[in-house]
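A look at the structure
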Amino acid sequence: MACVVSIIPGDGIGPAVVSSARKVLEALSEVYGFKLSFVEALAGDAAKRDFGEPMPKDSLDKIRSSDACLKGPVGETAKDVIVFLRQKLDLYANIRPFKTLPRVSTKWRDVDFVVVRENTEDLYKCVEDVGEEYAVALMVLTKKACTRIAKVAFQIAENRRRKVTVVHKGNVLRSFELFRAAALNVAKSYPSVSVEEMLVDNAAYQLVVNPQRFDVILTTNMFGDILSDEAAGIVGSLGLAYSANIGDGFGLFEPVHGTAPDIDPSYANPLAQVMASKMMLEWLGSTKGNASMLEAANGLENAVLSLLEEGEALTPDLGGRATTEEVTRRLVDMLLKGRGTSRRPVVY
Ligand code: ATP
């Protein structure tokens, strides 16, 4: 039976990069023999313009009845779409892998870490009171949410280099004690994983001076948001950073970047969106027990590495001159010719 993927094309460069990811998924389903069907769910600035609301009920229904969602970046209405969906669908784990990649110019080599960000609470609950003379925003943390995100971080670390860095600001705000205590409590069930604590200001510094020291960074919503844009800069380009928003029964996959209003959409780098679809295949493959999807995810990652190594079809953010369309065509061509063959296991 086909898995149904809801697609939010988004705004700005969104439709271009989402269309690229869809073509790549179609090629993969042909090569690896699994079935996907796609349903478009319009949301964001375009939906607000055309239907009067950024997250129309019809789109929410389509997303809810799908097996997974592939989302493009959304513009001014991002809060009404992605913050809303994370909370509404309880997509509590935001998983963002960062790796240095072939030919992508950076100051570092061999960077490979994952940011695991709590996705439903903290200041992004948006409980605010703003008056003429004051502004108050409530930071909400619960033991339940802190514990379940810590479990995700330790499970990921178990399959990697077995180290979790718990990032908080407990020296200033007592509230972080809840987050810290939940993480240290979960750590007891993962004796093979080492755990360290780090204040967020030091984490921001360590990311810049010594990013290789990190394996899994576990942190709260807003700190995770900020640190992951920093991390994207460290591995070379926002055009390569991708993420998963996972709940107990549903996953939404998207690039870390926004709508890039400053560039021509036909030259947008589609690789972050494409790699978001790789994460979607991994998640669908493991939750539905579909081995072909897992193989396809591995094949896709290897094809992206080959494309970067070859260096002939790169967008301007990576120093090339190719269009989004040309990168997509090259990638699809590689997949159809079997260039995405296995050479290392999929680990994020
Ligand atoms: P938004 O308001 O939607 O968040 P933004 O410009 O504030 O947009 P991003 O869209 O994340 O933030 O862009 C930050 C920078 O990274 C911009 O210079 C943008 O052009 C560049 N960028 C982001 N994504 C890509 C991409 N896929 N390809 C090429 N450049 C990108």
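Residues numbered from 1 in each chain as written. Predicted model: local features only at pLDDT ≥ 70, side-chain atom pairs only at ≥ 80, totals over all residues. Heavy atoms only, no water.

Going by an unreviewed UniProt entry, the chain carries the name Isopropylmalate dehydrogenase-like domain-containing protein and comes from Candidatus Terraquivivens tikiterensis. Under the Sequence similarities (unreviewed entry) heading, UniProt states for the chain: "Belongs to the isocitrate and isopropylmalate dehydrogenases family." (UniProt positions renumbered as here; feature names shortened; annotations may be inferred.)

1. Focus on the pattern of salt bridges
Tallied over the full model, the rule gives 24 salt bridges. Here Arg180 and Glu177 are joined by a salt bridge, their closest N and O atoms 3.2 Å apart. Highlighted residues: Arg180 and Glu177, both in helix H6 (residues 176–187), separated by three residues, approximately one helical turn. Classification of Glu177 by relative accessible area gives partly exposed; the value is 42%. Lys278 is paired through a salt bridge with Glu282; the nearest N and O atoms lie 3.0 Å apart. With Lys278 and Glu282 both in helix H9 (residues 271–288) and four residues apart, this pair spans about one turn of that helix. Lys278 sits in the buried class, given a relative accessible area of 1%. Relative accessible area serves as the criterion here: at 6%, Glu282 is assigned to the buried category. A single salt-bridge network, built from bridges that share partners, covers Lys99, Lys278, Glu282 and Glu301. (Salt bridge = Lys/Arg side-chain N within 4 Å of Asp/Glu carboxyl O. Helix = DSSP H or I, 4+ residues; strand = E, 2+ residues; numbered from the N terminus. Buried < 20%, exposed > 50% of the residue type's maximum accessible area, 1.4 Å probe, protein only.)

2. As for the pairing of strand S4 (residues 93–99)
Of all the seven residues making up S4, seven are buried; the element is thus mostly covered by neighbouring parts of the structure. Residues Ala93, Ile95, Pro97 and Lys99 point to one face of S4 and Asn94, Arg96 and Phe98 to the other, with burial holding for every one of them. Where S4 meets strand S5 (residues 112–118), seven bridges bridge the pair, whose relative direction is antiparallel. Note that in S5 the partner of Ala93 across the bridge is Glu118. (Pairing = 2+ DSSP bridges.)

3. Looking at helix H10 (residues 291–310)
An α-helix turns once per 3.6 residues; consequently, residues spaced three or four apart project the same way. In this model H10 runs 28 Å from its N-terminal to its C-terminal C-alpha over 20 residues, within 8% of the 28 Å that 1.5 Å per residue would give. Taken across its 20 residues, H10 has 14 buried, putting it largely inside the fold. The residue sitting at the N-terminus of H10 and contributing the capping side-chain oxygen is Asn290; that oxygen lies 3.0 Å from the backbone nitrogen of Ser292. Positive phi shows up at Gly311, right after H10, with a value of about 70°. (Expected span 1.5 Å × (residues − 1). Polar contact = N/O pair within 3.5 Å; in protein donor to acceptor, adjacent residues only side chain to side chain.)

4. A look at the site of the ligand
Close to the ligand lie 13 residues, the nearest being Gly258, Thr259, Ala260, Asp262 and Asn269. Ala260 places a polar main-chain atom, nitrogen or oxygen, 2.7 Å from an oxygen atom of the ligand. For the ligand, whose free accessible area comes to 610 Å², the fraction covered by protein is 66%. Tallied by class, residues from the shell around the ligand come to six nonpolar, five polar and two charged. (Near = heavy atom within 4 Å. Areas by Shrake-Rupley, 256 points an atom, 1.4 Å probe, with all protein chains shown as cover. Nonpolar A, V, L, I, M, F, W, Y, C, P; charged D, E, K, R; others polar.)

5. So, the packing of helix H7 (residues 200–209) against helix H8 (residues 221–234)
Contact geometry of H7 with H8 gives a least axis separation of 10 Å together with a crossing angle of 10°. Judged by the angle between their axes, H7 and H8 are roughly parallel. For the pair H7 and H8, the contacting residues are Val200, Ala203, Ala204, Leu207 and Val208 in the first and Phe223, Leu227, Glu230 and Ile234 in the second. Of the residues belonging to the contact of H7 with H8, the class tally is eight nonpolar, no polar and one charged. (Axes fitted to C-alpha atoms, helices over the stretch in contact; angles between N-to-C directions. Parallel < 35°, antiparallel > 145°, perpendicular 65-115°, else oblique. Contact = heavy atoms within 4.5 Å.)

6. Brief notes about the side chain of Asn119
Among the secondary structure elements, Asn119 is positioned in the loop between S5 and strand S6 (128–130). For Asn119, the side chain forms a polar contact with the side chain of Arg86, separated by 3.4 Å.

7. A closer look at the packing of aromatic side chains
Two measures describe an aromatic ring pair: the distance that separates the ring centres and the angle between the ring planes. Going through the model one piece at a time under the given rule, you end up with five aromatic pairs. A connected cluster of aromatic rings, assembled from ring pairs, spans Phe98, Phe113 and Phe214. We note Arg213 situated over the ring of Phe214; from NZ or CZ to the ring centre the distance is 5.4 Å. (Phe/Tyr/Trp six-rings, centres within 6.5 Å; stacked < 30°, edge-to-face > 60°. Lys NZ or Arg CZ within 6 Å of the ring centre and 35° of its normal.)

8. Some words on the domain arrangement of the chain
For the chain, the assigned domains read domain 1 (1–92 + 239–348) and domain 2 (106–235). Just the C-alpha atoms count here: the centres of domain 1 and domain 2 sit 25 Å apart. The partner domain 2 presents 16 residues to the twelve residues of domain 1 that form the contact. Summing both sides of the interface, domain 1 and domain 2 together bury roughly 1200 Å²; the carbon and sulfur share of this comes to 55%. On inspection of domain 1 and its partner domain 2, the count reaches one salt bridge. (Domains from an automatic or database assignment. Buried area = accessible area lost by both parts, 1.4 Å probe.)

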